[in-house]
Amino acid sequence: MVTVSRSSVFQRNLLLSIGGVFLLFAICFCIYQYQREKEYKIDILHSRLQMYNYDIMQVLGEDGITSRRQFLSYVRQHPLNGLRVSVIDRQGRVLLDSNEPHLDSLDNHLGRTEIRQALCDGNGFDLKRMSQSTHETYFYSATRFKRVIVRTAVPYSAELTQSLRADNTYIYFSIALTLLLGSVLYISTRRISRHIGYLREFAINAENGEPLDHELERHLPDDELGDISHTIIMLYWKLRHAEEDKARLKRQLTQNAAHELKTPAMSIHGYLESILDNPNMPEDKKKHFLERCYAQSRRMNKLLLDMSALTRLDEMDTNHFRNREEYQNVDVVQIVRSILDDR
């Protein structure tokens with residue numbers, strides 16, 4: 001239960017971290033695409049009005065554009081739904097206006113956004129502003145020429161608002177793509193979490209000394225995660241086998257040491273018992289027995305020293321023994337004689 005719970009926590013954290021980054025990216029993309037779509041629609045409308053400005057200037061010319069009769073005649077012959085056309089000089093004074101015959105009532109337009117942009121860049125627009133003369137909301141587009149600025153404006157009707165509205169198709173596409181990638185991400189994180197759960201269960205069982213499942217390796221994936229898990233499990237088994245081999249060697253060493261110590265101990269016991277049971281034993285025989293007791297005690301002491309050295313083998317580096325060049329000469333003849341004397 002703990003393993004499943006921890007695996008679920010890991011999967012949830014991984015899913016939330018990666019999914020959160022992707023969701024943030026999707027939201028930023030939608031906002032960017034919305035603004036881009038809106039700017040694209042505005043650019044289309046602005047370009048259409050710019051074409052109208054260039055057409056009226058091309059047809060009427062610099063002189064005809066300031067003639068009220070020719071100006072109004074062109075506007076009537078080329079009508080657009082709610083279109084308003086104005087001719088403004090570079091000082092901001094309105095020279096002609098298709099919707100306003102009383103030009104004296106109009107303010108100076110030099111401070112209007114589209115006029116300032118036209119004077120600086122050659123053309124400009126203002127997205128949504130209420131006219132002070134008609135009290136209607138317009139979209140303005142102005143074009144600068146040599147002596148005058150031609151400005152066209154269309155009212156913000158329901159049709160215009162709909163045409164400037166961004167297309168929401170990409171939003172549905174983004175949602176569908178997000179759901180699809182979210183499903184793929186969920187499956188992937190669940191798969192990773194499941195395999196990590198297997199490995200964690202193996203580690204917990206190994207730590208608690210419980211029976212280990214050798215079938216675990218069949219559940220490991222055939223990828224980098226599976227290779228790492230397989231390596232960890234193999235290292236564990238090698239370490240465990242090494243510990244078992246070391247424990248077995250220590251048991252064998254203890255048994256062998258007990259057997260080896262038993263021989264000199266029994267010899268010393270036998271020599272001393274013979275001396276005590278035979279008080280009239282000749283001195284030379286008694287001396288021989290004592291010498292043998294001394295030899296067997298030295299042998300026992302040497303065995304104890306060897307056992308002490310062997311118990312420190314696992315605390316010393318293997319290279320320490322590999323690099324040592326200390327050897328001892330062994331007199332095999334003397335060993336054989338000692339064995340014959342002990343018989």
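Residues numbered from 1 in each chain as written. Predicted model: local features only at pLDDT ≥ 70, side-chain atom pairs only at ≥ 80, totals over all residues. Heavy atoms only, no water.

Quick look at the overall build of the protein now. Assigned secondary structure in the protein consists of nine helices and five strands. Ordered by position from N to C terminus, the α and β elements of the protein give α-α-β-β-α-β-β-β-α-α-α-α-α-α. Considering the protein as a whole, with its 343 residues, one finds that 27% of them fall into the buried category. Nonlocal contacts in the protein, meaning residues at least 24 apart in sequence, comprise 56% of its contacts between residues at least 6 apart. (Helix = DSSP H or I, 4+ residues; strand = E, 2+ residues; numbered from the N terminus. Buried < 20%, exposed > 50% of the residue type's maximum accessible area, 1.4 Å probe, protein only. Contact = heavy atoms within 4.5 Å.)

So, on to the confidence of the model for the protein. Looking at the protein, the pLDDT average stands at 76 and 75% of residues meet or exceed 70. Within the protein, the element-level pLDDT minimum falls on helix H8 (residues 318-322), averaging 50, and the maximum on helix H3 (residues 113-121), averaging 92. (pLDDT = per-residue confidence, 0-100.)

Summed over all chains, the structure comprises five salt bridges. Note that Asp63 is salt-bridged to Arg147, the shortest N-O span being 3.1 Å. On the criterion of sequence distance, the pair formed by Asp63 in helix H1 (residues 2-64) and Arg147 in the loop between strand S4 (137-144) and strand S5 (148-155) is long-range, its members being 84 residues apart. Taking relative accessible area as the criterion, Arg147 reaches 47% and is therefore assigned partly exposed. Here Asp97 ties to Arg84 by a salt bridge, and the two come within 3.2 Å at their closest N and O atoms. With Asp97 in strand S2 (residues 94-97) and Arg84 in strand S1 (residues 84-89), this residue pair connects regions lying 13 residues apart in the sequence. Under the relative-accessibility criterion, Arg84 is labelled buried at 3%. It is possible to trace a salt-bridge network through shared partners that takes in Glu62, Asp63 and Arg147. (Salt bridge = Lys/Arg side-chain N within 4 Å of Asp/Glu carboxyl O.)

Let us now look at the packing of aromatic side chains. Applying the stated criterion across every chain, the model contains four aromatic pairs. Residues Phe125 and Phe139 carry aromatic rings whose centres are separated by 5.8 Å and whose planes lie at 20° to one another, so their mutual orientation is stacked. Linking Phe125 in strand S3 (residues 123-130) with Phe139 in strand S4, this pair joins segments that are 14 residues apart in sequence. Exposure remark for Phe125: the relative accessible area of 26% places this residue in the partly exposed category. Centroid distance Tyr138 to Tyr140: 5.8 Å. Interplanar angle 45°. Geometry classified as tilted. Taking the ring centre of Tyr138 as reference, the NZ or CZ of Arg84 above it sits at 5.9 Å. (Phe/Tyr/Trp six-rings, centres within 6.5 Å; stacked < 30°, edge-to-face > 60°. Lys NZ or Arg CZ within 6 Å of the ring centre and 35° of its normal.)

What follows covers the sheet that holds S2. Ordered in space as S2-S1-S5-S4-S3, the five strands form an open sheet in which the pairing is antiparallel. In this open sheet, the two strands that pair with only one neighbour each are S2 and S3. Shown here is a sheet whose adjacent strand axes are inclined to one another by a mean of 20°, direction ignored. Along the sheet, H3 contacts S1, S3, S4 and S5; its crossing angle with S3, the most-contacted strand, is approximately 175°. (Pairing = 2+ DSSP bridges. Axes fitted to C-alpha atoms, helices over the stretch in contact; angles between N-to-C directions.)

Further remarks concern the pairing of S1. Burial within S1 is extensive, with six of its six residues counted as buried. Here S1 shows two buried faces, one formed by Arg84, Ser86 and Ile88 and the other by Val85, Val87 and Asp89. As judged from the six bridges shared by S1 and S5, these two strands associate in the antiparallel manner. Residue pairing across strands places Val85 opposite Thr152, the latter belonging to S5. With three bridges connecting them, S1 and S2 associate as antiparallel partners. Pairing of Ser86 across the sheet is with Asp97, part of S2. Counting the residues that bridge the hairpin from S1 to S2 gives four residues, and of these Gly92 lies at a positive phi of roughly 95°.

A contiguous nonpolar patch, built from Phe173, Leu177, Leu180, Leu181 and Val184 and spanning about 450 Å² of accessible area, is present on the exposed surface. You can see Phe173 is positioned in helix H5 (residues 169-208). Under the relative-accessibility criterion, Phe173 is labelled exposed at 55%. (Patch = residues over 30% accessible without salt bridge, like charges linked within 9 Å, V, L, I, M, F, W, Y side chains within 5 Å. Areas by Shrake-Rupley, 256 points an atom, 1.4 Å probe, with all protein chains shown as cover.)

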